[in-house]
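The primary structure of each chain is shown beneath.
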Amino acid sequence: APATPAQERGDPVSGNAPRRTDKALAFFGFTLGWTDAGAAWAQEGPQTGRSAEEEIRQVLERYRQAYETKDLALLDSVYDTLAPAQREANAKYFQQTQDLRVTIRNVDIAVSGDEAAVSYTREDLFVDARTGRNAKLAVRFTKFLVRMDNAWKLASGKKEQWAPVKD
């Protein structure tokens, strides 16, 4: 597959070009009957001229930056609502990590109207603040997004899925 602009620039949010396959849509539980209007909207966002996939990759990049910079306000901006328990858990994680570096790769995106599912591998490299040892955490996530107020947001009310990635 040809390189996407994110791959050409070497952005941390990269990986496979977005795929909109029947298999991916079925996995995410979306209706497979795309309307012509829905497919056109997915190709180009309503106001921005960017595709839904490009906009979602930008959300993932802000999400990645929020973790790497330990910025709860930025993290809050990528969610439709960041629950107090999520905020507290992330603040604790930020305190337990030093020199945090976050990579997002192997991104798969499925869009259906104003909803999307994104599956990606997130790898965190850091120094454990308690032990001083280098640590690596790699997890495969599937998260859901909603388009609201002309912007994609991670949907806090939808159940996300995750699994550890084995080396």
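Here the structure is a predicted model, which is why all the values come from computation and not from measurement.

The rules behind each value
- Residues numbered from 1 in each chain as written.
- Predicted model: local features only at pLDDT ≥ 70, side-chain atom pairs only at ≥ 80, totals over all residues.
- Heavy atoms only, no water.
- Helix = DSSP H or I, 4+ residues; strand = E, 2+ residues; numbered from the N terminus.
- Buried < 20%, exposed > 50% of the residue type's maximum accessible area, 1.4 Å probe, protein only.
- Contact = heavy atoms within 4.5 Å.
- Areas by Shrake-Rupley, 256 points an atom, 1.4 Å probe, with all protein chains shown as cover.
- Pairing = 2+ DSSP bridges.
- Core = buried A, V, L, I, M, F, W, Y, C linked by side-chain atoms within 4.5 Å.
- pLDDT = per-residue confidence, 0-100.
- Salt bridge = Lys/Arg side-chain N within 4 Å of Asp/Glu carboxyl O.

## What about the overall build of the chain?
Each helix and strand counted, the chain has 6 helices and 5 strands in total. The linear arrangement of helices and strands in the chain, starting from the amino end, is α-α-α-α-α-α-β-β-β-β-β. Relative to its 167 residues, the chain shows a buried fraction of 40%. Look at the contacts in the chain between residues 6 or more apart in sequence, and 56% of them connect residues 24 or more apart. Approximately 9400 Å² of the chain is accessible, and the part contributed by carbon and sulfur atoms is 49%.

## Structural notes on the pairing of strand β3 (residues 134-148)
Both strand β2 (residues 115-128) and β3 contribute to a ladder of 13 bridges, which runs antiparallel. Paired with A117 across the strands is F144, a residue of β3. Where β3 lies against strand β4 (residues 151-154), 4 bridges are found, and the strand directions are antiparallel. Along β4, the bridge assignment pairs M148 with A151. Linkage of β3 to β4, two consecutive antiparallel strands, is achieved through a turn of 2 residues, within which D149 is found at a positive phi near 50 degrees.

## Observations concerning the environment of G113
With respect to the element layout, G113 can be found in the loop between β1 (97-112) and β2. Judged by its relative accessible area of 32%, G113 is partly exposed. Expressed as a C-alpha distance, the spacing of G113 and A52, which sit 61 residues apart in the sequence, is 9.6 Å.

## Here's the deal with the nonpolar core
Y63, L75, Y120, L145 and W152 are the most contacted members of the largest nonpolar core, which totals 29 residues. At the level of elements, α4 (52-68), α5 (72-78), α6 (84-96), β1, β2, β3 and β4 are the ones that each hand at least two residues to this core. Of all the elements, α4 adds the most residues to this core, at 7 residues. Here Y120 is in contact with L60, Y63, I104, R105, N106, V107, V139, R140, F141 and K143, once residues within four sequence places are set aside.

## Quick word on unusual backbone geometry
The phi dihedral of D99 is positive, around 55 degrees, even though this residue is not glycine. The residue D149 is not glycine, and still its phi comes out positive at about 50 degrees. You can see D149 is positioned in the loop between β3 and β4.

## Observations concerning the confidence of the model for the chain
Should the pLDDT be low somewhere, the predicted coordinates at that spot are not to be read in detail. Confidence along the chain averages 78 in pLDDT terms, with 66% of residues attaining 70 or more. Counted against residues more than four places away or in other chains, residues 1-12, with its pLDDT under 50, gives 14 contacts. Note on residues 14-45: pLDDT under 50 across the span, and 69 contacts to partners over four residues away in sequence or across chains.

## Here's the deal with the pattern of salt bridges
For side chains of opposite charge, pairing can occur when their charged atoms come near one another. With the rule as written, the count across this model stands at 7 salt bridges. For R64, the salt bridge goes to E61, with nearest N and O atoms at 2.9 Å. Residue R64 and its partner E61 are both found in helix α4; the two are separated by 3 residues, about one turn of the helix. Classification of E61 by relative accessible area gives buried; the value is 17%.

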